[in-house]
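What follows is each chain in one-letter form.
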Amino acid sequence: MGAAGSKLEKALGDQFPEGERYFGLENFGNTCYCNSVLQALYFCVPFREQLIEYYSNNKNPADAEENLLTCLADLFLQISSQKKKTGVLAPKRFVQRLKKQNEIFRSYMHQDAHEFLNYLLNELVDILEKEARAAKSQEISPKIANGPTTISSNGPLREPVVTWVHKNFQGILTNETRCLRCETVTARDETFLDLSLDIEQNSSITSCLKNFSSTETLNAEDKFFCDKCCSLQEAQKRMKIKRPPQILVIHLKRFKYIEQLGRYKKLSYRVVFPLELKLSNTVEDADAEYSLFAVVVHVGSGPNHGHYVSLVKSHNHWLFFDDENVEMIDESAVQTFFGSAQEYSSNTDHGYILFYERLDASSSNTS
């Protein structure tokens, strides 16, 4: 990518951000699903910085076992410490580790970028939680010998571990169910690392989020067991965002199973995603404001073939990453990835996973 690299450097000129690196990633036969997500995560700066910091504090080559976390950290460190400003790197170690660990990603078939992102974030959380628990049990073990401890039937009571992956990506949803007989509201909280939204033709992220939080009536076969009434009752149910995350990842459900066809179909619907997003369906009713910094795009007409690329905002410039190739694009080009207003269109490049960074993160609730 020598020519393309120097072209990017020329395009940015004096505006090339100090200390930043823009590297394409080699494709090892249908690994674009992985490359596009890795680029989006690399330009999620708080995540990148915490990952590299974790790696430098925990580098123990003697007995350290390689895992997806160390392979990812090693790749990010490799990119950030390149002498050249642009170029191409081969994420070989990371891809090998991924395939070794999960057979889903072993074949050369077309993979789903969202499935990969989900697997990766959960895997990182698992590794960090295990390390935190191991460190804690080493601290506690001498004390246990001297006194009683509470043991549940499943072993020691586990406190939830909050890792730096959680601090970046985790939000809390609350599932509210209101009994229509006694009006009692039952609320159940659940955590999320990304939100999967159903989409409609000619819609927007805001309308998809409204639908996500819309009220659903539970009746007939779906009645709700109300603890207060001690019986099945009609009820109203809705999902609200109780605690918005620092990094909001939105997955647009573009692949839908069509009963009549007996297979998945790609929905090329036009869904407008704004550069600045206000989340208004939160429990606190205080708008959480977000700024778009990355988009993973699915290119192709169907779910079982195609290609993934990513758009990334870095230091107020938009860049287009397509495996080894990196080029600058205009901010206005982002809207060409909203989708198609007509069902059959020659444009098959559609926004699939959106990454938003919270703007008001520093200001806590002032009520």
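Keep in mind the model is a prediction, meaning the values are calculated, not measured. (Residues numbered from 1 in each chain as written. Predicted model: local features only at pLDDT ≥ 70, side-chain atom pairs only at ≥ 80, totals over all residues. Heavy atoms only, no water.)

K.L.:
When you look at the overall build of the protein in this model, what are you seeing that I'm missing?
P.N.:
Along the backbone of the protein there are eight helices and 22 strands. Burial statistics for the protein: of 367 residues in total, 45% are counted as buried. Long-range pairs, those at least 24 residues apart, make up 68% of the contacts in the protein between residues at least 6 apart in sequence. (Helix = DSSP H or I, 4+ residues; strand = E, 2+ residues; numbered from the N terminus. Buried < 20%, exposed > 50% of the residue type's maximum accessible area, 1.4 Å probe, protein only. Contact = heavy atoms within 4.5 Å.)

K.L.:
What is the right way to read the sheet that holds strand β12 (residues 235-243) from this model?
P.N.:
Spatially, β6-β5-β12-β9 is the arrangement adopted by the four strands of the open sheet, whose pairing is antiparallel. The open sheet terminates on both sides in strands that have one partner only, identified here as β6 (185-192) and β9 (216-218). Geometrically, the sheet is characterised by an average inter-axis angle of 30° between neighbouring strands, direction not taken into account. Direction of pairing for strand β5 (residues 171-179) relative to β12: antiparallel, over a ladder of eight bridges. Paired with threonine 177 across the bridge in β12 is lysine 237. (Pairing = 2+ DSSP bridges. Axes fitted to C-alpha atoms, helices over the stretch in contact; angles between N-to-C directions.)

K.L.:
Hey, could you run me through helix α3 (residues 45-57) in this one?
P.N.:
What sets the pattern is the α-helix's 3.6 residues per turn: residues three or four places apart point alike. Relative to the 18 Å expected for 13 residues at 1.5 Å per residue, α3 spans 18 Å between its end C-alpha atoms, a close match to the ideal helical length. Residues of α3 that are buried: Phe47, Arg48, Leu51, Ile52, Tyr54 and Tyr55. One face of α3 carries all of its buried residues, which in axial projection span an arc of 160°. Exposed residues pointing more than 90 degrees away from the buried face of α3 are listed as Glu49 and Asn57. (Expected span 1.5 Å × (residues − 1). Arc of directions from axis to C-beta.)

K.L.:
Sorry if this is basic, but what is going on with the side chain of glutamine 39 here?
P.N.:
Note that glutamine 39 resides in helix α2 (residues 32-42). Discounting residues that sit within four places of it in the chain, glutamine 39 has contacts with Phe23, Gly24, Leu25, Ser310, Val312 and Phe321.

K.L.:
Is there a simple way to explain the nonpolar core in this structure?
P.N.:
The biggest cluster of nonpolar side chains holds 62 residues, and the ones touching the most others in it are Phe47, Phe116, Phe169 and Phe355. Tallying contributions element by element places helix α6 (residues 113-144) first for this core, with 10 residues. Core analysis: the next-biggest nonpolar cluster, separate from the first, contains 33 residues, Ile241, Leu277, Phe337 and Leu354 among them. (Core = buried A, V, L, I, M, F, W, Y, C linked by side-chain atoms within 4.5 Å.)

K.L.:
Is there a simple way to explain α2 in this structure?
P.N.:
Among the 11 residues in α2, 11 count as buried, and that is most of the element. Along α2, the residues classified as buried are Cys32, Tyr33, Cys34, Asn35, Ser36, Val37, Leu38, Gln39, Ala40, Leu41 and Tyr42.

K.L.:
When you look at the pairing of strand β20 (residues 317-322) in this model, what are you seeing that I'm missing?
P.N.:
Taken residue by residue, a regular strand's side chains alternate between the two faces of the sheet. Most of β20 sits inside the fold, with five of its six residues counted as buried. As paired elements, strand β19 (residues 307-314) and β20 share five bridges and run antiparallel to each other. Opposite lysine 313, over in β20, you have tryptophan 318 as the bridge partner. The antiparallel pairing of β19 with β20 creates a hairpin that spans two residues between the two strands, and histidine 315 there sits at a positive phi of about 50°. Pairing analysis gives five bridges linking β20 to strand β21 (residues 325-329), with the strands arranged antiparallel. Looking across to β21, one finds that aspartate 322 is bridged to asparagine 325. In this antiparallel pair of consecutive strands, β20 and β21, the connection spans two residues, and aspartate 323 shows a positive phi of 50°.

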